[in-house]
Amino acid sequence: MIDETLLEAEEKMDKAIEVAKEDFGAIRTGRANAAMFAKIFVEYYGTPTPLQQLASFNVTEARTVLISPFDKTAMSAIEKALRDSDLGVNPSNDGNVVRVILPSLTEERRRDYVKLAKTKAEDARVSIRAVRRKAKDILDRLAKDGDAGEDEVTRAEKELDALTKRHTDEVDAILAAKETELLEV
């Protein structure tokens, strides 16, 4: 039962790391990448649809992305979704592709994105600590009910703490890399 609890906690912590990586990928940096468009939804035949399901992306230059819709009738909806997004872009449409030229980031905008990244990192840490708290409650209950010995539970709690530290350190490393990427000019 103890091993199952630790394994489940590790899986949930890994999931929190993956969510953090996705969130960090959606934060815009000076360079263009397709992950920036992951959280954008397009109104497609009355249904909010992820942009990545409606088009292919081609990064031609450091700050230029060509978006080729699979269905040309969705072109204006894609343009509208991009304009309404928080990317701060003004897409242009040539009939075949939507061209997105990312403006260079101002120092103030870079700092705002760093703050956003720090918020996302803290959310990931909170999620990891919540998983730890829940697993620790289960371990405490096992010890209290007599289903496991105190030595076993103590060992498991140390493993759980090491697991928590490793995952929070990973979040910190991802945040540091994102900050460096955001602040380079």
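Residues numbered from 1 in each chain as written. Predicted model: local features only at pLDDT ≥ 70, side-chain atom pairs only at ≥ 80, totals over all residues. Heavy atoms only, no water.

Peer 1: Give me the overall build of the chain: which residues, what numbers.
Peer 2: Check the secondary structure of the chain and you find five helices and six strands. Starting at the N terminus and ending at the C terminus, the chain contains elements arranged as α-β-β-α-β-β-α-β-β-α-α. For 185 residues, the compact-globule estimate of 2.2 N^0.38 gives 16 Å, and the C-alpha radius of gyration of the chain, at 22 Å, exceeds that figure by more than 25%. Of all intrachain contacts in the chain linking residues separated by at least 6 positions in sequence, the fraction that spans at least 24 positions is 63%. Accessible surface computed for the chain: about 10,600 Å², of which carbon and sulfur atoms make up 51%. With 30 positive and 37 negative side-chain charges, the chain shows a spacing of 6 Å between the two charge centroids. (Helix = DSSP H or I, 4+ residues; strand = E, 2+ residues; numbered from the N terminus. Rg over C-alpha atoms; globule rule 2.2 N^0.38 Å. Contact = heavy atoms within 4.5 Å. Areas by Shrake-Rupley, 256 points an atom, 1.4 Å probe, with all protein chains shown as cover. Lys, Arg positive; Asp, Glu negative; His and termini not counted. Charge placed at Lys NZ, Arg CZ, Asp CG, Glu CD.)

Peer 1: Account for the sheet that holds strand β5 (residues 92-93), naming residues and giving values.
Peer 2: Here we have four strands laid out as an open sheet, ordered β3-β4-β6-β5, and antiparallel in their pairing. Each edge of the open sheet is held by one strand with a lone partner, namely β3 (55-61) and β5. Pairing geometry for β5 and strand β6 (residues 98-101), over two bridges, is antiparallel. Within β6, the residue paired with Ser-92 across the bridge is Arg-99. Contacts from helix α3 (residues 75-84) reach β3, β4 (64-69), β5 and β6 within the one sheet, and its direction differs from that of β6 by about 15°. (Pairing = 2+ DSSP bridges. Axes fitted to C-alpha atoms, helices over the stretch in contact; angles between N-to-C directions.)

Peer 1: Tell me about the side chain of Thr-168, and name the residues and values.
Peer 2: Along the chain, the position of Thr-168 falls in helix α5 (residues 150-183). Looking at Thr-168, its side chain comes within polar contact range of the main-chain oxygen of Lys-165, at 3.0 Å. (Polar contact = N/O pair within 3.5 Å; in protein donor to acceptor, adjacent residues only side chain to side chain.)

Peer 1: Describe the pattern of salt bridges, and please don't skip the residues or the numbers.
Peer 2: Two side chains of opposite charge can pair, provided their charged atoms sit close to one another. Per the stated rule, a full pass over the model turns up 14 salt bridges. Between Asp-140 and Lys-136 there is a salt bridge, and its shortest N-O distance comes to 3.3 Å. Taken together, the positions of Asp-140 and Lys-136, both in helix α4 (residues 107-145) and four residues apart, correspond to about one turn of that helix. Overall, Asp-140 belongs to the partly exposed group, its relative accessible area being 33%. Of the charged contacts, one joins Asp-169 and Lys-165 as a salt bridge, the two residues approaching to 3.0 Å between their closest N and O atoms. Placement of the pair is Asp-169 and Lys-165 together in helix α5, with a separation of four residues, close to one helical turn. Three or more residues are tied together by salt bridges with common partners; here these are Glu-122, Arg-125, Arg-129 and Asp-172. (Salt bridge = Lys/Arg side-chain N within 4 Å of Asp/Glu carboxyl O. Buried < 20%, exposed > 50% of the residue type's maximum accessible area, 1.4 Å probe, protein only.)

Peer 1: Could you give an account of the packing of helix α1 (residues 2-26) against α4, naming the residues involved and the relevant values?
Peer 2: Orientation of α1 relative to α4, taken along the N-to-C sense of each, is 170°, at an axis distance of 9 Å. Considering the angle they form, α1 stands roughly antiparallel to α4. (Parallel < 35°, antiparallel > 145°, perpendicular 65-115°, else oblique.)

Peer 1: For the UniProt feature "coiled-coil region" (unreviewed entry) in the chain, give the residues involved together with the corresponding values.
Peer 2: Feature annotation in UniProt assigns "coiled-coil region" (unreviewed entry) to the following positions: residues 139-166. In the segment residues 139-166, helix accounts for 86% and strand for 0%; the C-alpha atoms at its two ends are 20 Å apart. (UniProt positions renumbered as here; feature names shortened; annotations may be inferred.)

Peer 1: Quick one: what's the story with the nonpolar core, residue by residue and with numbers?
Peer 2: The biggest cluster of nonpolar side chains holds 29 residues, and the ones touching the most others in it are Ile-2, Phe-24, Leu-139 and Leu-160. Looking at this core, the elements that each hand over two or more residues are α1, α4 and α5. Per element, the largest residue contribution to this core is ten residues, and it comes from α4. If we ignore the near neighbours within four places in the chain, the residues touching Phe-24 are Ala-117, Lys-120, Ala-121, Ile-174, Leu-175 and Lys-178. Counting residues in each nonpolar core, the second largest holds 20 residues, with Met-36, Leu-82, Leu-87 and Val-100 among its members. (Core = buried A, V, L, I, M, F, W, Y, C linked by side-chain atoms within 4.5 Å.)

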